[in-house]
Amino acid sequence: MLILFLVALFSIVTGIILTTRNAKKNNEKIWDNSSKRLLINFLISLVVGGLYCLIILSQGRYGQTGGLMLIFYGLALVNASKYSIGDIKYLGYIEITLGLIAALFPGYGFWLWVIGFGVMHIVYGTWMHFKYDRK
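Chemist: A description of the overall build of the chain should follow, citing residues and the corresponding values.
Modeler: Across its full length, the chain carries five helices and zero strands. Tracing the chain from N to C terminus, the helices and strands come up as α-α-α-α-α. For a compact globule of 135 residues, the expected C-alpha radius of gyration is about 14 Å, and the chain comes in at 16 Å, within 12% of that figure. If one aligns the C-alpha atoms of the chain with their principal axes, the spans along those axes are about 50 × 30 × 25 Å. Split into buried and exposed, the 135 residues of the chain put 26% on the buried side. Sequence separation of 24 or more characterises 62% of the internal contacts of the chain that already satisfy a separation of 6 or more. Element-wise, carbon and sulfur atoms account for 71% of the exposed surface of the chain, whose accessible area totals about 9,400 Å². The averaged location of the 5 negative side-chain charges in the chain is 3 Å from the averaged location of its 12 positive side-chain charges.

Chemist: Could you give an account of the pattern of salt bridges, naming the residues involved and the relevant values?
Modeler: Working definition: two side chains of opposite charge can pair if their charged atoms are close together. Counted under the stated rule, the structure contains one salt bridge. Of the charged contacts, one joins Asp87 and Lys131 as a salt bridge, the two residues approaching to 2.7 Å between their closest N and O atoms. With a gap of 44 residues between them, Asp87 in the loop between helix H3 (65-80) and helix H4 (88-104) and Lys131 in helix H5 (residues 109-133) connect regions that are remote in the sequence. According to the relative accessible area criterion, Lys131 is partly exposed, its value standing at 43%.

Chemist: How would you summarise the packing of H3 against H4 if you had to cite specific residues and measurements?
Modeler: At a closest axis distance of 7 Å, the pairing of H3 and H4 adopts a crossing angle of 160°. Put simply, H3 runs roughly antiparallel to H4. As H3 packs across H4, the resulting crossing turns out to be left-handed. Counted together, Gly67, Leu70, Ile71, Tyr73, Gly74, Leu75, Leu77 and Val78 of H3 and Ile88, Lys89, Leu91, Gly92, Tyr93, Glu95, Ile96, Leu98, Gly99, Leu100 and Ala102 of H4 form the full contact between these two elements.

Chemist: Help me get a handle on the nonpolar core, residues and values and all.
Modeler: Core analysis: the largest hydrophobic core is formed by eleven residues, namely Leu70, Tyr73, Leu77, Ile88, Leu91, Leu98, Ala102, Leu112, Met120, Tyr124 and Met128. If you list the elements that add at least two residues to this core, you get H3, H4 and H5. Excluding residues within four positions of it along the chain, Ile88 makes contact with Leu77, Ser81 and Tyr124.

Chemist: Pulling in residues and values, what's your account of a nonpolar patch on the surface?
Modeler: Nonpolar side chains collect at one region of the surface, where Leu2, Phe5, Leu6, Leu9, Phe10, Val13 and Ile17 lie side by side and expose about 670 Å² of accessible area between them. Position of Leu2 relative to the elements: it lies in helix H1 (residues 2-25).

Chemist: Help me get a handle on the confidence of the model for the chain, residues and values and all.
Modeler: The share of residues in the chain with pLDDT of 70 or more is 98%, and the mean pLDDT across the chain is 89. Ranking the elements of the chain by mean pLDDT puts H1 last with 82 and H4 first with 95.

Chemist: I'd like a rundown of the environment of Leu57, residues and numbers included.
Modeler: Structurally, Leu57 is set in helix H2 (residues 33-58). By relative accessible area, Leu57 is classed as partly exposed at 30%. In this view, Leu57 contacts Tyr62 and Thr65; residues no more than four positions away in its chain are not counted.

How each quantity is defined
Residues numbered from 1 in each chain as written. Predicted model: local features only at pLDDT ≥ 70, side-chain atom pairs only at ≥ 80, totals over all residues. Heavy atoms only, no water. Helix = DSSP H or I, 4+ residues; strand = E, 2+ residues; numbered from the N terminus. Rg over C-alpha atoms; globule rule 2.2 N^0.38 Å. Buried < 20%, exposed > 50% of the residue type's maximum accessible area, 1.4 Å probe, protein only. Contact = heavy atoms within 4.5 Å. Areas by Shrake-Rupley, 256 points an atom, 1.4 Å probe, with all protein chains shown as cover. Lys, Arg positive; Asp, Glu negative; His and termini not counted. Charge placed at Lys NZ, Arg CZ, Asp CG, Glu CD. Salt bridge = Lys/Arg side-chain N within 4 Å of Asp/Glu carboxyl O. Axes fitted to C-alpha atoms, helices over the stretch in contact; angles between N-to-C directions. Parallel < 35°, antiparallel > 145°, perpendicular 65-115°, else oblique. Left-handed = near helix turned anticlockwise from the far one by under 90°. Core = buried A, V, L, I, M, F, W, Y, C linked by side-chain atoms within 4.5 Å. Patch = residues over 30% accessible without salt bridge, like charges linked within 9 Å, V, L, I, M, F, W, Y side chains within 5 Å. pLDDT = per-residue confidence, 0-100.

And the structure:
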């Protein structure tokens, strides 16, 4: 749990630092009505999903948590995509699909979780870099 918490913390801090640096470079505001709506719409699904996963874990049903995390995270991305780069919804669709596959094959939940939260973020980040940030 400590490693999971540290990875989440470092990911959030890194995201904030990179976003702040990019916004300053482009003379843009970081916190406005659009970013508030993005955060709220992202967190609704993410927090509900996180609480549901904690309930499932407290009941000792560990096999479904990987798939549930992917599904709720994907829903959060799709929901937040209305206030961000529209391409983020495709990552959300992939996460939802991987979560549903994990629900069908619970024994592979860990590996699908690795693909969804690891590999797909690297692929998506690379794609976004070459599409939007490379000059």
